[in-house]
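Chain residues, written in single-letter form:
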Amino acid sequence: MKTKILCGTLVAVSLAGCATTKDEAAYRAEADAALKRDFHARGIATMDRLDQDELQRICTQYRDNPPFEVQQRLEAVQQKTIKLPADGKYMGDWRSGARIAESGRGVTWSDKAGNNGGSCYNCHQLSAQQTSFGTLGPSLLQFGKARGYTIENQKYVYERIYNSKAFNTCSTMPRFGTSGTLTESQIKDLVAYLMDPNSPVNR
Ligand code: HEC
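Residues numbered from 1 in each chain as written. Predicted model: local features only at pLDDT ≥ 70, side-chain atom pairs only at ≥ 80, totals over all residues. Heavy atoms only, no water.

Draft legend 1. Structural view of the coordination of the iron atom of the ligand. His-124 (NE2) and Met-173 (SD) make up the full set of protein donors to the iron atom of the ligand, lying at 2.0 to 2.2 Å. The coordination sphere of the iron atom of the ligand comprises six donor atoms, whose angles at the metal cover 86 to 178°; the geometry is octahedral. Residue His-124 is found in the loop between helix H5 (94-101) and helix H6 (143-147), and its partner Met-173 is found in the loop between helix H7 (151-162) and helix H8 (184-195); the two are separated by 49 residues along the sequence. Judged by relative accessible area, which is 11%, His-124 ranks as buried. (Donors = N, O, S within 2.8 Å, 3.2 Å for Na, K, Ca; no water. Tetrahedral: all angles 85-135°; square planar, octahedral: opposite > 155°, others 65-115°. Helix = DSSP H or I, 4+ residues; strand = E, 2+ residues; numbered from the N terminus. Buried < 20%, exposed > 50% of the residue type's maximum accessible area, 1.4 Å probe, protein only.)

Have a look at this one:
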């Protein structure tokens, strides 16, 4: 009886639920219930934040390592969400990019929509002047200098920031453009921060 109820709930939440073993399905249902119980909608932080999209669901199901064909399909879907700048220019102002990269503000319940930081410092080393940085992502120190100051690389960085999951299906890097966390002009400023020869990243 108990198993039936759990399975019924899971079908509503995720189709993958019942394909897994009973133990795993039960743990997932418990975790889902705990999240729904403890997360309270407030300000701009609404309950839909708990919903996983198809990609997140599959990454959870395969513990961030889906079969190769599945990764290829999902990455193609993610690639389609990337909107390139209408004016064909990828670079903005690196000074503003530096501020965005070092700001972890935004998206919490007490924030207003828009004007978010990028939190890049939380995962990447970016410049020699940083007081602290996380190491979940690779160091981006000297990024433009090392890769080459080409238009192709500017476009790559723009797309990477816009939707990292177009390049690595279960990347832990947030989809800043696709999610609407950062605007086109903010992403351009970040591209300049990584790709301008005068930026502290490349000095
Ligand atoms: C939660 C951690 C996290 C945050 C926040 C994050 N990144 Fe990343 N980033 C990663 C990881 C991990 C990778 C390595 C590749 C992958 O897994 O996708 C990466 C890869 C990259 C790459 C590609 C590096 C290469 O060698 O080609 C660039 C460029 C980049 N990040 C820029 C940024 C910028 C700019 C920001 C802020 C807007 C940012 N990242 C925020 C985790 C993060």
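Draft legend 2. Here's a closer look at the packing of helix H3 (residues 54-61) against helix H4 (residues 68-80). At a closest axis distance of 11 Å, the pairing of H3 and H4 adopts a crossing angle of 155°. On the basis of their axis angle, the class for H3 and H4 is roughly antiparallel. In the crossing of H3 with H4, the sense of the turn from one axis to the other is left-handed. Along the contact surface, H3 presents Glu-54, Leu-55 and Ile-58, while H4 presents Val-70, Arg-73, Leu-74 and Gln-78. A per-class count over the contact of H3 with H4 returns four nonpolar, one polar and two charged. (Axes fitted to C-alpha atoms, helices over the stretch in contact; angles between N-to-C directions. Parallel < 35°, antiparallel > 145°, perpendicular 65-115°, else oblique. Left-handed = near helix turned anticlockwise from the far one by under 90°. Contact = heavy atoms within 4.5 Å. Nonpolar A, V, L, I, M, F, W, Y, C, P; charged D, E, K, R; others polar.)

Draft legend 3. Layout of the state of the cysteines. All told, the structure shown has one disulfide when counted by the stated rule. Residue Cys-59 pairs covalently with Cys-170 via a disulfide, S to S 2.0 Å. Judged by the torsion about the S-S bond (-85°), the Cys-59/Cys-170 disulfide is left-handed. Remark: Cys-170 occurs in the loop between H7 and H8 and Cys-59 occurs in helix H3; sequence separation between them is 111 residues. Of the two residues, Cys-59 and Cys-170, both sit in the buried class. (Disulfide = S-S within 2.5 Å.)

Draft legend 4. Highlighting the packing of aromatic side chains. Tallying each qualifying case throughout the model produces three aromatic pairs. Ring centres of Tyr-90 and Tyr-158 lie 5.8 Å apart, and the angle between their planes is 55°; this geometry places the pair in the tilted category. With Tyr-90 in the loop between H4 and H5 and Tyr-158 in helix H7, this pair connects stretches of sequence that are 68 residues apart. For Tyr-90, a relative accessible area of 10% puts it in the buried group. Taking the relative accessible area as the measure of exposure, Tyr-158 reaches 0% and is therefore buried. Ring centres of Tyr-156 and Phe-167 lie 5.4 Å apart, and the angle between their planes is 90°; on these two criteria the pair is classed as edge-to-face. Of this pair, Tyr-156 sits in helix H7 while Phe-167 sits in the loop between H7 and H8, and the two are 11 residues apart along the sequence. A relative accessible area of 26% means that Tyr-156 is categorised as partly exposed. According to the relative accessible area criterion, Phe-167 is partly exposed, its value standing at 28%. An aromatic cluster is built from Tyr-90, Tyr-158 and Tyr-162, whose rings are joined through pairwise contacts. (Phe/Tyr/Trp six-rings, centres within 6.5 Å; stacked < 30°, edge-to-face > 60°.)

Draft legend 5. Just the nonpolar core, in detail. Ranked by internal contacts, the top residues of the largest apolar core, which has 25 residues, are Leu-126, Ile-161, Val-191 and Leu-194. When contributions to this core are tallied by element, the ones reaching two or more residues are H5, H7 and H8. Broken down by element, the residue count for this core peaks at seven residues, all from H8. Contact partners of Leu-126, with chain neighbours within four places excluded, come to Ala-101, Glu-102, Cys-120, Tyr-121, Leu-140, Leu-141, Tyr-193, Leu-194 and Val-201. With five residues, the next largest nonpolar core counts Leu-55, Ile-58, Cys-59 and Leu-74 among its residues. (Core = buried A, V, L, I, M, F, W, Y, C linked by side-chain atoms within 4.5 Å.)

Function cannot be inferred from these measures alone, as they are strictly geometric.
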